[in-house]
Amino acid sequence: MSEPLFERVALIGIGLIGSSIAINAKKRGLARHVAIATRRPETLARAEELELGDSYHADFAEAVSGADLVILCVPVGACGAVSALIAPSLAKGAIVSDVGSVKGSVVEAMRPNLPAHVHFVPGHPIAGTEQSGPDAGFLELFENRWTILTPVEGTDEAAVQRLRAFWEGMGSMVETMTPEHHDLVLAIVSHVPHLIAFNIVGTAADLETVTQSEVIKFSASGFRDFTRIAASDPTMWRDVFLTNRDAVLEMLARFSEDLASLQRAIRWGDGDALFDLFTRTRAIRRSIIAAGQDTADADFGRQPHRRDGWNEAAGADGKIR
Ligand SMILES: NC(=O)C1=CN([C@@H]2O[C@H](COP(=O)(O)OP(=O)(O)OC[C@H]3O[C@@H](n4cnc5c(N)ncnc54)[C@H](O)[C@@H]3O)[C@@H](O)[C@H]2O)C=CC1
Ligand SMILES: O=C(O)C(=O)Cc1ccc(O)cc1
């Protein structure tokens, strides 16, 4: 086996993403030692029971000392405080990263706390599920999925390349962009869609004329997909909306305008407007799938153990019907 990329990887927070990284780092030989730290003793004990790492620490400073890679795998709202806690113990030349779904606020919160002798390379794997906690992680999570790195100006290129190699070692494809651009893109492809799911499931739950048991009994797969998304971790998503406020509000404004014109088309019986939009959106879906045959999105039905919308929409050959 070739030499590991890192001697000691410290993971702060061991939920879905932290545990998936831990499993990858060990199984794929990317780190000689995986040190795990988290806030709650029960979670740390569970991580140890699952043998996710090589050492387990209640003390974050102890976990990061001597680490050449430190990754914060905590909700975005906690990144600032955690970075302040670990800063005095970070080794010279260490790469410090995170996996947060929002990048601008994480950079703002972490950067001032970090010493000049470390390389700060923020990251975000565009891969996840609605599950959370240390039991949720799995080896294939990052396979054929994109990871976005958002290094700030002046970051050592060698550090960016080393982190890129780490994510590629987990099967991910890597792209770099600015934190601001990341937040705008993710607002429309991830954050607003999650908000729509939280909202529609909430609306259905509050209905007075349709009972909850009817909602469950007659829910077609479209609504079931929304309920999967709406089951995502409340803390994580609260933090996403509080920290990516501007980009989400901008995309929501556009969404509301488009929704209003759909409403008008329905009110005035404008079948052509409805038909045109649905034709356009069907073509978009088909082109995504066609492109997916040789890029990241050829992953419908990718996780055979998952029974969610992605799998159910796909036949045995992975084609959507
Ligand atoms: N769940 C998903 O699908 C994805 C999540 N992310 C990002 O990854 C990060 C972690 O998310 P998950 O692993 O899903 O969450 P999770 O809820 O499964 O795990 C979070 C971990 O952070 C710890 N934690 C929570 N608050 C903390 C605090 N104040 N101080 C220290 N530790 C704390 C928890 O004990 C737990 O170990 C988040 O920033 C999220 O935005 C990124 C991609 C996908
Ligand atoms: O479960 C799903 O469908 C997701 O969309 C997972 C996800 C959630 C948050 C991210 O920042 C990235 C991926």
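The residue numbers shown here count from 1 along each chain, following its written sequence. In the order they appear in the text, chains get letters beginning with A and ligands get numbers beginning with 1. Side-chain atom pairs in this predicted model are given and counted only at pLDDT of 80 or more, local residue features only at pLDDT of at least 70, and totals for whole chains, interfaces and linings cover all residues. For the side-chain quantities, the full set of heavy atoms in the structure was used; hydrogens and water were omitted.

The name given to the protein chain in an unreviewed UniProt entry is Prephenate dehydrogenase, with the source organism recorded as Aureimonas altamirensis DSM 21988.

Chemist: Give a description of the packing of aromatic side chains that names residues and reports values.
Modeler: Side-chain rings of Phe, Tyr and Trp (the six-membered ring for Trp) are treated as a pair once their centres are within 6.5 Å; stacked means planes under 30 degrees apart, edge-to-face means over 60, and tilted covers the remaining angles. Per the stated rule, a full pass over the model turns up 5 aromatic pairs. Aromatic side chains F142 and W167 sit 5.0 Å apart centroid to centroid with 90 degrees between the ring planes, which places their arrangement in the edge-to-face category. Linking F142 in the loop between β7 (123–125) and β8 (146–149) with W167 in helix α6 (residues 157–169), this pair joins segments that are 25 residues apart in sequence. Where W237 meets F241, the ring centres are 5.9 Å apart and the plane angle is 35 degrees; that geometry is what we call tilted. Here the residue W237 and the residue F241 both occupy positions in helix α10 (residues 234–243), the gap between them amounting to 4 residues, near one helical turn. The pair formed by W237 and F241 is uniform in burial state, with each residue classed as buried. Runs of E in the DSSP output that reach at least two residues are strands. Runs of H or I that reach at least four are helices, and both are numbered from the N terminus. Relative accessible area decides the class of each residue, using a 1.4 Å probe on protein chains only: under 20% of the type maximum gives buried, over 50% gives exposed, and in between gives partly exposed.

Chemist: I'd like a rundown of the confidence of the model for the protein chain, residues and numbers included.
Modeler: Interpreting fine coordinate detail is not advised for predicted regions of low pLDDT. Of all residues in the protein chain, 91% attain a pLDDT of 70 or more, and the chain-wide mean is 90. Note: pLDDT gives the predictor's confidence per residue, expressed from 0 to 100. Two residues form a contact once any of their heavy atoms are found within 4.5 Å. For residues 293–321, every residue scores under 50 in pLDDT, and the model assigns this stretch 45 contacts once sequence neighbours within four places are set aside.

Chemist: How would you sum up the site of ligand 1? Please name residues and give values.
Modeler: Neighbouring residues are identified by heavy atoms, a residue being near a molecule or strand if any of them is within 4 Å of it. Neighbouring ligand 1 are 25 residues; L16, I17, V74, S101 and G133 lie closest to it. Pairs of N or O atoms are called polar contacts if they sit within 3.5 Å, as long as, within protein, a hydrogen donor faces a hydrogen acceptor (for residues adjacent in sequence, only side-chain-to-side-chain pairs). At a separation of 2.9 Å, an oxygen atom of ligand 1 approaches a polar backbone atom of I14. Contacts to ligand 1 include G133, whose backbone N or O atom sits 2.8 Å from an oxygen atom. Areas reported here follow the Shrake-Rupley algorithm with a probe of radius 1.4 Å; residue values treat only the protein chains shown as occluding. For ligand 1, the accessible surface in isolation is 830 Å², of which the surrounding protein chains cover 87%. For the shell around ligand 1, the secondary-structure elements that each account for two or more residues are α1 (16–27) and β7. Asp, Glu, Lys and Arg are counted as charged, while Ala, Val, Leu, Ile, Met, Phe, Trp, Tyr, Cys and Pro are counted as nonpolar; the rest, among them Gly, fall into the polar class. Counted by class, the shell around ligand 1 contains 14 nonpolar, 10 polar and 1 charged residues.

Chemist: Explain the site of ligand 2 to me, and be specific about the residues and the numbers.
Modeler: Near ligand 2, the surroundings consist of S101, H124, A127, G128, T129, E130, H194, R228, I229, M236 and W237. Within the side chain of S101, one N or O atom sits 2.7 Å away from an oxygen atom of ligand 2. Within the contact set of ligand 2, an oxygen atom lies 2.8 Å away from a side-chain nitrogen or oxygen of R228. With the chains in place, 85% of the 340 Å² that ligand 2 exposes on its own is no longer accessible. Elements represented by at least two residues in the shell around ligand 2 include exactly α9 (221–230) and α10.

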